[in-house]
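Report on the structure
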Amino acid sequence: MMLRPLACATGISLVLASHVMAQEAEHSHEDVTLYRVFVGDHAAPKVTAFDLGDPVKRWSFETTGQAKLYGVDDGSAVVAVQCDNDKVHFIRSGISLHSHGDHSDIDIADPAAVEDTLMGPRPFHLIDHDGKVVINFDRGGYAEVLDAHELAEGKVEATRLPQARAHHGYAAPIGEAWVTSVASDAPVEGDAAPKRLGLQQVKADGTPVGEVQPCTGIHGEAFSGAYLATGCDEGILTVTAGKDGPTFKMLPYSADLPAGESTGTLLGSKAMQVFLGNYGAKGLVVVDPVDEPHIRHINLPFRRIDFALDAANARFGYVLTEDGTLHQIDILDGKVAKSARVTEPYSMDGHWNDPRPRLAMAGDEVVMSDPKSGLVRRIAKDTLAEAGTIAVEGAPYNLVVVGGSGVVHEGDGYDHAGHAHSHGDPQIYAGYFEDSQIQDRPLSDYAGDWQSVYPYLQDGTLDPVWQHKAEKGTMDAAGYKAEYETGYRTDVERITIEGNVVTFYKEGKPTKGTYAYDGRETLTYKKGNRGVRFIFRKTDGDADADAPQFIQFSDHGIAPAKADHYHLYWGDDRTALLEEVTNWPTYYPSSLRPEQIVDEMIAH
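Residues numbered from 1 in each chain as written. Predicted model: local features only at pLDDT ≥ 70, side-chain atom pairs only at ≥ 80, totals over all residues. Heavy atoms only, no water.

**A few points about the sheet that holds strand β19 (residues 219-224)**
Sheet architecture is open: four strands sit in the order β19-β20-β21-β22, paired in antiparallel fashion. Whereas interior strands pair on both sides, the edge strands pair on one side only; in this sheet they are β19 and β22 (247-252). Here the average twist between neighbouring strands, direction ignored, is 20 degrees. (Pairing = 2+ DSSP bridges. Helix = DSSP H or I, 4+ residues; strand = E, 2+ residues; numbered from the N terminus. Axes fitted to C-alpha atoms, helices over the stretch in contact; angles between N-to-C directions.)

Here is the structure:
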C-alpha cells in the first residue's frame, strides 16, 4: 500500500517532547483488568449488567422496551436506544479510564441509571465522536446532540439539529462543521420511508451549506482516523475535515465485487485508518479510504449474523455466520484466517430483529449473546475455543462491553473516587542526571496514535496552562502563550507509530517511513540542565520520498519506558536538527480529551 507524500512544516521539526514515567510514589496501587457487560433482553424491558470476571453480582435497569446498547465516552456511559418505544435511557457504567501514555488509570464504581431520559419519534442511529453523542430521531426530522463527558457524569442536556425532512438517517460532526443525511421530498404512501439521496454539510442549526453529495440509499456510518465513511448504493462515501469545510469523495464499488449488493453497516478501527463493512448477505468489505484498492471483498460460506472489530489487535475482526460458526477476519490480508463452531445455527430467514446472537470484544475474548440458550458466551479470540458461559435470565440479545486495564490508586473494592500518580524521578525530569543513567531506547517506547496539541493552543483550550505557568514563572500568561505558539507550531495533526513504521498525517493525508535506531545524543542547555535525543534513521520509504530521513525524540525520559507525550524533530540533516530548540510541536495520545491534556500539562 502506498501512502501519499506529506510536505514538512516550515523550519522542520515535528514535535519533541517529553515522556513521563509513572511510578507508585506515595500511593498504593494495583493493576486491574475489568470488563463490564451490559445485556438487553429481546422481549423484556430491561438491561442486565455484570462484571465478566465475576458475574455473580448483577445489576438490573428497567427500560421502556427492547434496547440497542451503545458504549460512549470510552465506555463511561451506556446508552439504551429504544426505537419502537420512542425513548432513550442512559446508564453510568461505573468504569472510567484515563490514559497517561505509559499507563491508564481506572476508576471503578457500581453502574447507575441516569434519571433524565430523552423522548422523541423513533430514535435510531447513534454516533459517538469528538466528544459529542448524536442520536437521530427518524420520524422527528432532527438529531439530538449531547456532550459525551457530561453524559458520563449523569447530565442529559441536548441541543437539537433540525433536518430538512424526517427520514431514517444520521447527523455527524466533522471538524468544525456538521453533515447530515438527506431524503427526497417526493411524496410517499402509507408508512413507506422517503428515498435517501445523500449527505450534505449543514450548520449547527440545520441550515444547508453547499450541494447534496450523492449517496443513494445512504445507510450506516463510522469514523476511523481522519475519515467518516458511509455506505451507498454506488460505493462508500468518505468525508474529511478541511479548512473550507468537509471534503467528500466517493469510492465506487469495483467491477469484481458481486453485482447488486451494497454496504449498509460500517465499523471503524481506532488503531488503523480502515473500515470493516457488510456487503450483501454473505460478504464483508475492508475499506481503505486512502490507498487502492479502496474496497476488498471477503466472501463468507453462510449468511452473516453479526461482526465486530478487535480494538486490542487492529489486524483482526470477527464475524458470526448463520451456521453457528465464528470466523476470525484478517483485515490486512482481507481474508478469513480461522473458523470454529461456537453455537447452534441461527437462520437469517425471517425479520431482521428476530433474536439472534450479537458480538462484542473484551480484551482477549469475544463476548457473544446466545438468545436461544439464555447465555452469554465467552470465546478466546486466538483459538476461538469457548472460555466459559454466563447464564442470563430471559433472552439475552443486544449487548455492549465497557472497561479495560488500568491502575487503581488507594483503596480496594469499588471505592475509587479519584486517582493520583507521579511523573517519575523529578531530578531526571528537570534534566539533571548522570551519564551512567542513560540507556538506549526502542521506537516501541513511542508506539501509538498521537494528536498534535497545537490546535488546542490556537482555540484557547490551553489557556489555563499558561495561567498556571504564570503563577510560578517569570512571564505573564500572554508571554507563555506566545512562546509556546512558536514551540508547538506544526501542520502535522497526527502521528501513528506501529512497529518500525512511522506515519505522519497532514490534513488527513498520510506519508510514512520505516525507521531504525541511530543512536542518541546528550544536549546541554543554557541553564545547565540536559536532555537526551533518541534518533531514528529512515531505512525504507522510496515510495514516500518526503518522509524525513531522521526523526529525533527528545523527552524527559533517559531510559526505556513508554512515553506519555513527546516532541519530535525531523529532517534530512541529523546534525542540524540537534541545533533546533525553538520549535517543538507536542503530541499526546489521540485517546485523550482536550480537558485531560490540560490536566496533564498542569500536572507537569
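**Looking at the pattern of salt bridges**
As enumerated under the stated definition, the model contains 29 salt bridges in all. Between D354 and R356 there is a salt bridge, with the nearest N and O atoms lying 3.8 Å from each other. The structure contains a network of salt bridges with shared partners spanning D518, E521, R537 and R574. (Salt bridge = Lys/Arg side-chain N within 4 Å of Asp/Glu carboxyl O.)

**Observations concerning the sheet that holds strand β43 (residues 586-589)**
If you walk around this closed barrel you meet the eight strands as β36-β37-β38-β39-β40-β41-β42-β43, and the pairing is antiparallel. Along the sheet, successive strands turn relative to each other by an average axial angle of 35 degrees, direction set aside. With five bridges connecting them, strand β41 (residues 550-555) and strand β42 (residues 566-571) associate as antiparallel partners. Its bridge partner lying in β42, S554 is registered against H567.

**Here we look at the nonpolar core**
In terms of nonpolar packing, the biggest core is built from 24 residues, with I495, I497, V502, F504, I551, F553 and Y566 touching the most fellow members. Of all the secondary structure elements, the ones that give two or more residues to this core are β37 (494-498), β38 (501-506), β40 (530-540), β41 and β42. Those residues within four positions of I551 in sequence are excluded, and the remaining contacts are V502, F504, Y515, F534, I535, F536, L568, Y569 and W570. In terms of nonpolar packing, the next biggest core, distinct from the first, is built from 23 residues, L457, Y569, L578 and M601 among them. (Core = buried A, V, L, I, M, F, W, Y, C linked by side-chain atoms within 4.5 Å. Buried < 20%, exposed > 50% of the residue type's maximum accessible area, 1.4 Å probe, protein only. Contact = heavy atoms within 4.5 Å.)

**Overview of the pairing of strand β3 (residues 54-62)**
Where a strand is regular, its side chains alternate between the two sheet faces. Strand direction decides the pairing type here: strand β2 (residues 46-51) and β3, joined by five bridges, are antiparallel. Across the sheet, the residue bridging to K46 is E62, located in β3. Connecting β2 to the antiparallel partner β3 that follows it, the hairpin turn spans two residues.

**Observations concerning the side chain of D564**
Positionally, D564 belongs in the loop between β41 and β42. Notably, D564 is buried but unbridged: the nearest opposite-charge side chain belongs to R441, and the N-O separation is 8.7 Å. Of note is the side chain of D564, whose polar atom sits 2.9 Å from the side chain of H565. (Lys, Arg positive; Asp, Glu negative; His and termini not counted. Polar contact = N/O pair within 3.5 Å; in protein donor to acceptor, adjacent residues only side chain to side chain.)

**Side note on the environment of K46**
Tracing the chain through its elements places K46 in strand β2. With 16 residues separating them along the chain, K46 and E62 place their C-alpha atoms 4.5 Å apart. Apart from the residues lying within four places of it in its own chain, the contact partners of K46 are V39, G40, D41, S60, F61, E62, T63 and E393.

**Examining helix α4 (residues 463-472)**
All of the buried residues along α4 are V465, W466 and A470. Along the axis of α4, the buried positions cluster into a sector of 135 degrees, meaning they face one direction only. Exposed positions of α4 whose direction lies more than 90 degrees from the buried face are E471 and K472. Contact partners of the buried residues in α4: α3 (454-458), α5 (477-488) and α7 (594-603). (Arc of directions from axis to C-beta.)

**Details of the pairing of strand β21 (residues 235-240)**
Counting buried positions over the six residues of β21 gives six, a clear majority of the element. Alignment of strand β20 (residues 227-231) against β21, held across four bridges, turns out to be antiparallel. When the bridges of β21 are listed, G231 appears paired with I236. In this structure, the hairpin formed by β20 and β21 is closed by a connection of three residues. In the sheet, β21 pairs with β22 via six bridges, with the strands oriented antiparallel.

**Re a negative patch on the surface**
A cluster of acidic residues, E115, D116, D147 and E157, forms a negative patch on the protein surface. Examined against the element boundaries, E115 turns out to sit in the loop between β9 (112-113) and β10 (118-119). By relative accessible area, E115 is classed as exposed at 77%. (Patch = residues over 30% accessible without salt bridge, like charges linked within 9 Å, V, L, I, M, F, W, Y side chains within 5 Å. Areas by Shrake-Rupley, 256 points an atom, 1.4 Å probe, with all protein chains shown as cover. Charge placed at Lys NZ, Arg CZ, Asp CG, Glu CD.)

**What about the state of the cysteines?**
Inspection of every chain in the model, using the stated rule, returns one disulfide. Covalent S-S linkage joins C215 and C232, the inter-sulfur distance amounting to 1.8 Å. Between C215 and C232, the S-S torsion sits near -95 degrees, and that sign places the bridge as left-handed. Here C232 lies in the loop between β20 and β21 and C215 lies in the loop between β18 (208-214) and β19, a separation of 17 residues in the sequence. Given a relative accessible area of 0%, C215 falls into the buried group. Overall, the relative accessible area of 1% leaves C232 in the buried class. (Disulfide = S-S within 2.5 Å.)

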